[in-house]
Amino acid sequence: MGRSTTTTKDAQALIHSLRTAYAATPTNLKIIDLYIVFAVVTAIIQVGYMAIVGSFPFNSFLSGVLSSVGTAVLAVCLRIQVNKENKEFKDIGQERAFADFVLCNLVLHLVIMNFLG
């Protein structure tokens, strides 16, 4: 019984420390995080739909999931580049990072549209 209360207190302390650390995150990073969550949830919904209904036009299912996952990956890259605490990308401005994100998304979705046929 004592072990579970210690685990519960540790979990609550971890959640509290994560919440306070995330409160200091800039708003533009929180917006990107929300976009990443949206893209991942969209991919999960598509996989769930495929599991329930079936994947008759398999290339359509694959295109939708790859579009969602690819967009999420590109958004993670954008978040890494825009984060001011990251010293590796300090030479890249926010406008350049966003332009790279838009261009890569354009290429990704052109390839996906081509895959659809």
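Residues numbered from 1 in each chain as written. Predicted model: local features only at pLDDT ≥ 70, side-chain atom pairs only at ≥ 80, totals over all residues. Heavy atoms only, no water.

**Section: the overall build of the protein**
We count it as follows: Secondary structure elements follow DSSP: runs of H or I no shorter than four residues count as helices, runs of E no shorter than two count as strands, and numbering proceeds from the N terminus. Here the radius of gyration uses the C-alpha set of atoms, whereas the globule reference equals 2.2 Å times the residue count to the power 0.38. For the exposure calls, accessible area comes from a 1.4 Å probe over protein chains only, and a residue counts as buried if that area is under 20% of its type's maximum, exposed if over 50%, partly exposed in between. Here, two residues are considered to be in contact whenever any of their heavy atoms come within 4.5 Å of each other. None of His or the chain ends enter the tally, which takes Lys and Arg as positive and Asp and Glu as negative. A charge is said to be at NZ when it belongs to Lys, at CZ for Arg, at CG for Asp and at CD for Glu.
Counting its secondary structure elements, the protein contains four helices and zero strands. In sequence order, the protein lays out its α and β elements as α-α-α-α. At 19 Å, the protein has a C-alpha radius of gyration far larger than the 13 Å of a compact globule built from 117 residues. Burial analysis of the protein (117 residues in total) assigns 22% to the buried set. A separation of at least 24 residues holds for 66% of the contacts in the protein among residues at least 6 apart in sequence. Across the protein, the mean location of the 9 positive side-chain charges is 9 Å away from that of the 7 negative side-chain charges.

**Brief notes about the pattern of salt bridges**
Rule in force here: Salt bridges are defined as contacts in which a side-chain nitrogen from Lys or Arg sits within 4 Å of a carboxyl oxygen from Asp or Glu.
Within this structure, the stated rule accounts for two salt bridges. Measuring nitrogen to oxygen at the nearest pair gives 2.5 Å for the salt bridge that ties D33 to R79. With D33 in helix α2 (residues 27–53) and R79 in helix α3 (residues 58–82), this pair connects stretches of sequence that are 46 residues apart. In this structure, R96 and D100 form a salt bridge, with 3.4 Å as the shortest nitrogen-oxygen distance. On the criterion of helical spacing, the pair formed by R96 and D100 is a turn pair, its members being four residues apart in helix α4 (residues 94–116). Overall, the relative accessible area of 25% leaves D100 in the partly exposed class.

**As for the environment of E88**
Within the secondary structure, E88 is located in the loop between α3 and α4. The exposure class of E88 is exposed, given its relative accessible area of 69%. Put simply, E88 and D100 are twelve residues apart on the chain and 16 Å apart in space, counted from C-alpha to C-alpha.

**A word on the nonpolar core**
Quick reminder of the rule: Think of a nonpolar core as a cluster: buried Ala, Val, Leu, Ile, Met, Phe, Trp, Tyr and Cys residues, connected wherever their side-chain atoms sit within 4.5 Å.
Residues L29, I32, I36, L74, A75, L78, V82, A97 and F101 constitute the largest nonpolar core, which totals nine residues. No other element matches the four residues that α3 contributes to this core. Every residue in contact with L78, bar those within four places of it in the chain, is listed here: I32, A97, F98 and F101.

**Some thoughts on the UniProt feature "transmembrane region" (unreviewed entry) in the protein**
How we decide: UniProt positions are given in the numbering used here, feature names are shortened, and annotations may be inferred rather than shown by experiment.
On the UniProt side, "transmembrane region" (unreviewed entry) is annotated at positions that read residues 34–52, 58–78 and 98–116 here. End-to-end, the C-alpha atoms of residues 58–78 are 30 Å apart, and along that stretch the chain is 100% helix and 0% strand. Along residues 98–116 one finds 100% helix and 0% strand; the C-alpha atoms at either end are 27 Å apart.

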